[in-house]
Amino acid sequence: MSFFRDLDHRRQRMVTEQIRGRGITDERVLAAMAAVPRHLFVEEALASQAYEDHPVPIGHGQTLSQPYMVALMSALLEVQPKDRILEIGTGSGYQAAILAAMGAEVFTVERLKPLYQSAKERLPALGFQQIHLRLADGTLGWPEAAPFDKIIVTAGGPAIPVPLVDQLADPGFLVIPVGRERREQRLIRLVKRGGEAKTEDLGAVVFVDLVGAHGW
Ligand code: SAH
């Protein structure tokens, strides 16, 4: 089997075993994860690791989350086609690509210039047109493009940044890892509805630091 056929095969197996096999049933999430070539979001030398059940380093001390975590967070957002979604922590651009493949218009913010620049080249080259990128402190949100139907934060901070709650539509969902200790968080989903915000705790997770005005 050729190297590329092998990667396609590994991707389908990832969806079956790691995603569907662990209870993710949202067909849009499953289809997006089966379609988006995750190995093209990491360095060539790490391509064969892209479909394994763990995060992959993307340089600058950052990581592309484990496939299951991307699937879980995407499912928690209950993405509908045409949703306007804000992502904090573009990283490789993979999570943004999954949301775009689910039909959303994505606004994604990254604070590290080299990661921002490579995602800005990679995403259009792979055919993703509905993804807007910005180099900035994402804990301040993207006020000019607000409100957002959904907000996803892919780095862990000490609390939910207030500007993000302000920029969330009603109804709206925000998914974020939050923890008082660094590298040890709870995955929180905040649901805004009827002028009220309620939070749900989805369990322990480990993310890199959310650094910024409303982060570490
Ligand atoms: N979602 C990414 C993985 C992100 S790793 C992917 O699919 O590849 C977390 C990212 O959040 C890192 O790239 C880090 O630089 C970024 N980050 C941390 N704090 C941030 C902030 N305040 N604003 C924007 N990006 C931030």
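Residues numbered from 1 in each chain as written. Predicted model: local features only at pLDDT ≥ 70, side-chain atom pairs only at ≥ 80, totals over all residues. Heavy atoms only, no water.

Asks: How should I be thinking about the overall build of the protein in this particular structure?
Replies: A tally of regular secondary structure across the protein gives six helices and nine strands. A globule of 216 residues ought to have a C-alpha radius of gyration of about 17 Å, and the protein, at 16 Å, matches this closely. For the C-alpha atoms alone, the extent of the protein along its principal axes is close to 55 × 35 × 35 Å. Classification of the 216 residues of the protein by burial places 50% in the buried group. If you take every contact in the protein between residues at least 6 apart in sequence, the share linking residues at least 24 apart comes to 55%. Element-wise, carbon and sulfur atoms account for 51% of the exposed surface of the protein, whose accessible area totals about 9900 Å². (Helix = DSSP H or I, 4+ residues; strand = E, 2+ residues; numbered from the N terminus. Rg over C-alpha atoms; globule rule 2.2 N^0.38 Å. Buried < 20%, exposed > 50% of the residue type's maximum accessible area, 1.4 Å probe, protein only. Contact = heavy atoms within 4.5 Å. Areas by Shrake-Rupley, 256 points an atom, 1.4 Å probe, with all protein chains shown as cover.)

Asks: How should I be thinking about the site of the ligand in this particular structure?
Replies: Around the ligand, 27 residues are found, and the nearest of them are Gly 89, Ser 92, Glu 110, Gly 138 and Val 211. Asp 137 places a side-chain nitrogen or oxygen 2.9 Å from a nitrogen atom of the ligand. In this structure, a nitrogen atom belonging to the ligand sits 3.1 Å away from a side-chain N or O atom of Thr 154. Surface burial for the ligand is 99%, taken as the share of its 580 Å² of free accessible area covered by protein chains. Elements that contribute at least two residues to the shell around the ligand include exactly strand E2 (62-64), strand E3 (84-88), helix H4 (94-101) and strand E4 (105-110). A class-by-class count of the residues in the shell around the ligand yields eleven nonpolar, eleven polar and five charged. (Near = heavy atom within 4 Å. Polar contact = N/O pair within 3.5 Å; in protein donor to acceptor, adjacent residues only side chain to side chain. Nonpolar A, V, L, I, M, F, W, Y, C, P; charged D, E, K, R; others polar.)

Asks: What's the story with H4 in this structure? I'm lost.
Replies: Within H4, seven of the eight residues are buried, leaving the element largely enclosed by the surrounding structure. Among all positions in H4, only Tyr 94, Gln 95, Ala 96, Ala 97, Ile 98, Leu 99 and Ala 100 are buried. Looking one or two places after H4, you find Gly 103, whose phi comes out positive at around 100°.

Asks: Just to check I follow, could you spell out the packing of helix H3 (residues 67-76) against H4 for this structure?
Replies: The geometry of a pair of packed helices is captured by two quantities: the angle between their axes and the separation between those axes. Here H3 crosses H4 at 45°, and the two axes come no closer than 11 Å. By the criterion of interaxial angle, the relationship of H3 to H4 is oblique. In the packing of H3 onto H4, the handedness of the crossing is right-handed. Along the contact surface, H3 presents Val 70, Met 73 and Ser 74, while H4 presents Tyr 94, Gln 95, Ile 98 and Leu 99. Within the contact of H3 with H4, the residues separate by chemical class into five nonpolar, two polar and no charged. (Axes fitted to C-alpha atoms, helices over the stretch in contact; angles between N-to-C directions. Parallel < 35°, antiparallel > 145°, perpendicular 65-115°, else oblique. Left-handed = near helix turned anticlockwise from the far one by under 90°.)

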